[in-house]
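Below are the chains, spelled out letter by letter.
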Amino acid sequence: MATAKHVLKRFLMMLAGYFIAVLVGLIAVAAIYGGLSSLPNAPNYFDVMGVTPVAVLLLPPLGMFIYFLTIVLTGLQTLIFALIAEFFSLRSFWLHMVFGAAAAVGGFALIWPSVPDDTNPERWADIGIIAAAGIVAGLVYWLIAGRDAGFRRPLFQR
């Protein structure tokens, strides 16, 4: 019974960590685009990306749509990464940050399938921005659920 309770607790921590990490990752995307749009010679569409968070705040259904779309696009690869981390008790924050970046770029590739073939430098900048936001989200996930990863019950309780 205690083992089942521990596994259930780990699954709930994984879910909570994932949902909060997605939210923080989206905030990181908005902050990065907003910051980069103020740089000289920034692409014109960065200005639009800097205004988009304001539109999301003014139109909550749009924000919820973006949030749930992000969950749908990154859910499967994040679940795979989280289960790998749990089964092998991988607790390194660097690994979770790499997993976060890979999941974010994978989700971006699902919504924009021609990304690997696109030689436009602006597209590669988008991939870098999304990966940076995934790194932030991976760190947040590690802070919530990854530090204590592992389905096996510890020998002592904290």
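Every value quoted in this text rests on a predicted model; they were computed, and no experiment measured them. (Residues numbered from 1 in each chain as written. Predicted model: local features only at pLDDT ≥ 70, side-chain atom pairs only at ≥ 80, totals over all residues. Heavy atoms only, no water.)

Asks: Got a minute to help me understand the overall build of the chain in this structure?
Replies: Secondary structure summary: the chain contains five helices and zero strands in total. Across the chain, helices and strands are ordered from the amino to the carboxyl terminus as α-α-α-α-α. Counting across all 158 residues of the chain, residues that qualify as buried make up 33%. Considering only residue pairs separated by 6 or more positions, the chain has 79% of its internal contacts joining residues 24 or more positions apart. Accessible surface computed for the chain: about 9,700 Å², of which carbon and sulfur atoms make up 77%. (Helix = DSSP H or I, 4+ residues; strand = E, 2+ residues; numbered from the N terminus. Buried < 20%, exposed > 50% of the residue type's maximum accessible area, 1.4 Å probe, protein only. Contact = heavy atoms within 4.5 Å. Areas by Shrake-Rupley, 256 points an atom, 1.4 Å probe, with all protein chains shown as cover.)

Asks: Mind showing me how you'd approach the side chain of Thr74 here?
Replies: Mapped onto the elements, Thr74 comes out in helix 3 (residues 60-87). The class for Thr74 is buried, based on a relative accessible area of 9%. Within the structure, the side chain of Thr74 is placed 2.7 Å from the side chain of Tyr18, a separation counted as a polar contact. If we ignore the near neighbours within four places in the chain, the residues touching Thr74 are Tyr18, Val22, Ala103, Ala104 and Gly107. (Polar contact = N/O pair within 3.5 Å; in protein donor to acceptor, adjacent residues only side chain to side chain.)

Asks: Help me understand a nonpolar patch on the surface in this model?
Replies: On the surface, a cluster of nonpolar side chains totalling about 670 Å² of accessible area is made up of Leu58, Leu59, Leu62, Phe65, Leu69, Ile111 and Trp112. Among the elements that line the nonpolar patch, the one with the most residues is helix 3, at three residues. Following the sequence through the fold, Leu69 ends up in helix 3. (Patch = residues over 30% accessible without salt bridge, like charges linked within 9 Å, V, L, I, M, F, W, Y side chains within 5 Å. Salt bridge = Lys/Arg side-chain N within 4 Å of Asp/Glu carboxyl O.)

Asks: Please clarify how the side chain of His96 should be interpreted in this entry.
Replies: With respect to the helices and strands, the residue His96 is situated in helix 4 (residues 93-111). Under the relative-accessibility criterion, His96 is labelled buried at 4%. Ignoring anything within four residues of it in the chain, the contact list for His96 reads Ala85, Leu90, Arg91, Gly138, Tyr141, Trp142 and Gly146.

Shape descriptors only; they carry no functional weight alone.
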